[in-house]
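Structural characterization, general
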Amino acid sequence: MKFFKGLILMMFLGASVLMAKPTVYILATGGTIAGSADNALTGSYKSGAVNVDALISAVPQINEIANIKGEQIANIGSQAMNNETWLTLAKRANELLKQKDVAGIVVTHGTDTMEETAYFLNLVVKSDKPIVLVGAMRASTSMSADGPLNIYNAVNVAMDKASVGKGVLVVMNDEIHAAREVTKTITTAVNTFKSPNTGKIGTVNYGIVNYYMNSTRKHTKNSEFSINNISALPRVDIIFGHSEDTPDFVKTAVEKGAKGIVLAGVGNGNPYPSVEEALAEAAKAGVVVVRTSRTGSGSTSVGAEVDDAKLGFVTGDNLNAAKARVLLMVALTKTNDKDKIQKLYKEY
């Protein structure tokens, strides 16, 4: 009799383990996904009008598959995203992912700067557990709002064991993208997020997750960067190149205390002649200058039309200007050595 009682107890405990749902935290920062408008047929809305509890309530199906916990980190349009919020978000993510019962994190975010936040987290979060950024192109009150299904898919990606070790991910429009590669490419369309240089790494169709490739660059747990003792990030400005350009903005950036300047140059990251001269002077003064291209894809070649070694410039590999800025800010918390920073652009 004792044997059968023990067997029944073991079967009950085993079933309980199988039935246990993973814990997924949803960290909300605002954005269109939390936006609200007066009617369903307008493109005018207020970002961040809906809080995290309302976002979770709008997708009751996620409670059937996971133990969902929500926290409001910020409630802003992502055009207002800032370093302080980044640091708060990253430090909270690091704290949560240390907990054994937490399977992953979903970050709801506006789409304007989602790619920058994703890449920042990819550099400074120290865990191989999934972090998934998700947003929407239509406000929560819009006809055919895309937020609820995006959230459902993001939770499925965050709790999927295949997502472990892939770094920070962006889930939008049934696609999974690596944080380093993804960028917003269309102003208002739901298929705006693309990875121009590599393509998406997977898909998620009504919660069914499939991966096809991995990012080969260092990220999250393998990253050498840490923000444990950092309360602020150094100033890095972006200069957008164009014909008949002027060096005035470079000079202003230096005067205002920029520790780094990223050039979104024409073509292969090329600057206008007077801008090149101003950037070279900035580099001599100790400002780290990184060349990238405004074209949106492709690698910025070392020493093609610009003598980087002579001028003291760094090239940003195939990162766009916004992400090159993120990496430079984080890199400058460790070093201002140009050779070491150039190496980082080849590794991250």
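Residues numbered from 1 in each chain as written. Predicted model: local features only at pLDDT ≥ 70, side-chain atom pairs only at ≥ 80, totals over all residues. Heavy atoms only, no water.

Re the layout of surface pockets
Selection criterion: Cavities and pockets are found on a 1 Å grid laid over the protein atoms alone: a cavity is a set of points where a 1.4 Å probe fits but cannot escape, a pocket is an open set with protein on both sides within 12 Å along at least five of seven lines, and a lining residue has an atom within 4 Å of such a point. Grid points are joined across faces, edges and corners, and a volume is the space filled by probe spheres set on the points. Under this grouping Gly is polar, as are all residues other than the nonpolar Ala, Val, Leu, Ile, Met, Phe, Trp, Tyr, Cys and Pro and the charged Asp, Glu, Lys and Arg. Domain start and stop positions are those given by an automatic or database domain assignment.
Put simply, the largest pocket is a space of about 340 Å³. Thr-32, Gly-43, Tyr-45, Met-137 and Arg-138 are the residues nearest the centre of the largest pocket, which is lined by 23 residues in total. Class assignment for the residues of the lining of the largest pocket results in seven nonpolar, 13 polar and three charged. Here the second largest pocket defines a volume of roughly 260 Å³. Ser-293, Gly-296, Leu-319, Asn-320 and Ala-321 are the residues nearest the centre of the second largest pocket, which is lined by 18 residues in total. Along the lines of polarity and charge, the residues of the lining of the second largest pocket split into six nonpolar, eight polar and four charged. Residue assignment places the lining of the second largest pocket across two domains, with domain 1 (23-222) and domain 2 (236-347) each supplying three or more.

Observations concerning unusual backbone geometry
Test applied: Strands here are runs of E lasting at least two residues and helices are runs of H or I lasting at least four, both read from the DSSP assignment and numbered beginning at the N terminus. When a residue's accessible area, from a 1.4 Å probe over protein chains only, is under 20% of the maximum for its type it is buried; when over 50% it is exposed; and in between it is partly exposed.
Not every positive phi belongs to a glycine, and Asp-174 is a case in point at roughly 70°. You can see Asp-174 is positioned in the loop between strand 5 (168-172) and strand 6 (175-178). Not every positive phi belongs to a glycine, and Asp-317 is a case in point at roughly 55°. The residue Asp-317 is located in the loop between strand 14 (313-315) and helix 10 (321-331) in this model. Accessibility expressed as a relative area gives 9% for Asp-317, which makes it buried.

Some thoughts on the domain arrangement of the chain
Heads up, the condition is: Contacts are assigned to residue pairs that have any heavy atoms within 4.5 Å of one another. Summed over both partners, the accessible surface that disappears when two parts come together, traced with a 1.4 Å probe, is what is meant by buried area. Any carboxyl oxygen of Asp or Glu within 4 Å of a side-chain nitrogen of Lys or Arg constitutes a salt bridge here. Two N or O atoms form a polar contact when they lie within 3.5 Å of each other; inside protein one atom must be a possible hydrogen donor and the other a possible acceptor, and for residues adjacent in sequence the pair counts only when both atoms belong to side chains.
For the chain, the assigned domains read domain 1 (23-222) and domain 2 (236-347). Centre-to-centre, using C-alpha coordinates, domain 1 lies 29 Å away from domain 2. Taken residue by residue, the interface counts 17 residues in domain 1 and 17 residues in domain 2. The junction of domain 1 with domain 2 conceals about 1,400 Å² of combined surface from both sides, 51% of it contributed by carbon and sulfur atoms. Applying the counting rule to domain 1 against domain 2 returns three salt bridges. Glu-347 is paired through a salt bridge with Lys-218; the nearest N and O atoms lie 3.6 Å apart. At the surface where domain 1 touches domain 2, the tally comes to twelve residue pairs in polar contact (both at pLDDT 80 or more). At the level of elements, helix 4 (83-97) and helix 5 (114-124) are the ones that each hand at least two residues to the side of domain 1 that touches domain 2. Among the elements that make up the side of domain 1 that touches domain 2, the one with the highest residue count is helix 5 (six residues). Counted by class, the side of domain 1 that touches domain 2 contains eight nonpolar, three polar and six charged residues.

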